[in-house]
Amino acid sequence: MKQLRIGVLAGLFAVAGVLSWAAARLWDSFGTLPSVPVAAPIVLAVIAAALFATALSLRARLRAQRERRPGAKGVDPLVAARAVVFGQASALVAALVAGMYGGVGAFLLMDGLDVPARRDQAIYAAASVLAGACVVAAAFFMERVCKLPEDEDDEGGPGASRA
């Protein structure tokens, strides 16, 4: 399983932002721009909180397992792998969604915030971008928690873990 790369996420964010800015500009020239839903930043924040809580739980369980505490509940490797895959998928989707709302927010900022409804939409778009960044940060934290320790004895052998 490959690690998340910040460059891929930033590129996805930028491409989605430029495309949504252009689409918002085009759509606004033909009619009324669809509104940014209030639920967008809320849903992204809930996903970020779920990822962060899962990472904290796994970290505590892995630490207890490493320290061989009596009664420590171990972590099934498949559960850790699923958590990492969920984090990676969430980060990719969050980068795409944050880029989309970032592009719409940029259009709203450049178009002017004189109308209160447009100002509210720009605030919702900015909150969505911030919540998307929180999802990405929680996904990177999840990867760090679930990363296997490097095998120092056998570098590059068939049993060595890969970054």
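My aim in this report is to walk through the structure given alongside it, one point at a time. As the structure is a prediction and not an experimental result, all values here were calculated from the model.

A short note on the packing of aromatic side chains
Aromatic ring pairs are described here by two measures, namely the spacing of the ring centres and the angle between the planes. With the rule as written, the count across this model stands at one aromatic pair. Centroid distance phenylalanine 52 to phenylalanine 141: 5.4 Å. Interplanar angle 35°. Geometry classified as tilted. Remark: phenylalanine 141 occurs in helix α4 (residues 116-146) and phenylalanine 52 occurs in helix α2 (residues 39-66); sequence separation between them is 89 residues.

Section: the packing of α2 against helix α3 (residues 77-111)
Contact geometry of α2 with α3 gives a least axis separation of 11 Å together with a crossing angle of 155°. On the basis of their axis angle, the class for α2 and α3 is roughly antiparallel. As α2 packs across α3, the resulting crossing turns out to be left-handed. Across the interface between the two elements, Ala40, Leu44, Ile47, Leu51, Thr54 and Leu58 from α2 touch Ala83, Phe86, Gly87, Ser90, Ala94, Val97 and Tyr101 from α3. The residue makeup of the contact of α2 with α3, split by class, is 10 nonpolar, three polar and no charged.

Observations regarding the state of the cysteines
Per the stated rule, a full pass over the model turns up zero disulfides. Not part of a disulfide, cysteine 134 finds its nearest cysteine sulfur in cysteine 146, a span of 19 Å.

Digging into the nonpolar core
Judged by nonpolar contacts, the single largest core of 24 residues is most densely connected at Leu51, Leu58, Ala91, Val135, Met142, Val145 and Cys146. Listing elements by their share of this core, those giving two or more residues are α2, α3 and α4. If near-sequence neighbours (up to four positions away) are discounted, leucine 51 is found in contact with Phe86, Gly87, Ser90, Val135, Ala138, Ala139 and Met142.

So, α3
Compared with the 51 Å implied by 1.5 Å per residue over 35 residues, the 50 Å span of α3 between its first and last C-alpha is a close match. In the stretch just after α3, glycine 112 is the one whose phi turns positive, near 115°.

Some words on the environment of valine 84
Counting through the fold element by element, valine 84 comes out in helix α3. Residues valine 84 and arginine 59, spaced 25 residues apart in sequence, show a C-alpha to C-alpha distance of 13 Å. Residue contacts for valine 84: discarding those within four places in its chain leaves Met1, Met142, Glu143 and Cys146.

Brief notes about the layout of surface pockets
Taken as a whole, the second largest pocket encloses approximately 170 Å³ of empty space. Every residue along the wall of the second largest pocket is listed here: Ser20, Ala23, Ala24, Trp27, Leu33, Pro34, Ser35, Val36, Pro37, Met100, Tyr101 and Val104. Within the residue set of the lining of the second largest pocket, elements represented by two or more residues are α1 (6-30) and α3. Among the elements that line the lining of the second largest pocket, the one with the most residues is α1, at four residues. A per-class count over the lining of the second largest pocket returns 10 nonpolar, two polar and no charged.

Focus on the pattern of salt bridges
This model, assessed by the stated rule, comprises two salt bridges. Residue aspartate 28 pairs with arginine 118 through a salt bridge whose shortest N-O separation is 2.7 Å. In this pair, aspartate 28 is assigned in helix α1 and arginine 118 in helix α4, connecting sequence segments 90 residues apart. When its relative accessible area of 22% is taken as the criterion, aspartate 28 is described as partly exposed. One salt-bridge network, in which partners are shared between bridges, spans Asp28, Asp111 and Arg118.

What counts, and at which threshold
- Think of each chain on its own: its residues are numbered from 1, step by step along the sequence as written.
- Given that this is a predicted model, residues contribute local features only at a pLDDT of at least 70 and side-chain atom pairs are listed and counted only at 80 or more, while totals for whole chains, interfaces and linings are drawn from all residues.
- Only hydrogens and water are set aside; all other atoms, that is, all heavy atoms of the structure, feed into the side-chain values.
- We call Phe, Tyr and Trp rings a pair once their centres come within 6.5 Å, taking the six-membered ring for Trp, and we label the pair stacked below 30 degrees between planes, edge-to-face above 60, and tilted otherwise.
- Each helix is a run of H or I in the DSSP string that is no shorter than four residues. Each strand is a run of E no shorter than two, and both are numbered from the N terminus.
- The angle between two axes is taken between their N-to-C directions and runs from 0 to 180 degrees, where each axis is a line fitted to C-alpha atoms and a helix contributes only its stretch in contact.
- Angles are sorted into four bins: roughly parallel if under 35 degrees, roughly antiparallel if over 145, roughly perpendicular if 65 to 115, and oblique for all others.
- Handedness of each helix crossing follows the sense of rotation of the near helix against the far helix: counterclockwise by less than a right angle gives left-handed, clockwise gives right-handed.
- The contact definition used throughout considers only heavy atoms, calling two residues in contact when any of these lie within 4.5 Å.
- For this classification, Asp, Glu, Lys and Arg are treated as charged, while Ala, Val, Leu, Ile, Met, Phe, Trp, Tyr, Cys and Pro are nonpolar and the rest, including Gly, are polar.
- Disulfide: a pair of cysteine sulfur atoms within 2.5 Å of each other.
- Nonpolar cores are built from buried Ala, Val, Leu, Ile, Met, Phe, Trp, Tyr and Cys residues. Side-chain atoms within 4.5 Å join them into one set.
- Exposure classes here rest on a 1.4 Å probe applied to the protein chains alone. A residue is buried below 20% of its type maximum, exposed above 50%, and partly exposed in between.
- A helix's residues, less one, multiplied by 1.5 Å, set its expected span.
- Buried and open spaces are told apart on a 1 Å grid over the protein atoms alone, a cavity being a set of points where a 1.4 Å probe fits but cannot get out and a pocket being an open set with protein on both sides within 12 Å along at least five of seven lines. Residues with an atom within 4 Å of a point are the lining residues.
- Grid points are joined across faces, edges and corners, and a volume is the space filled by probe spheres set on the points.
- Salt bridges are identified by distance alone: a Lys or Arg side-chain nitrogen within 4 Å of an Asp or Glu carboxyl oxygen.

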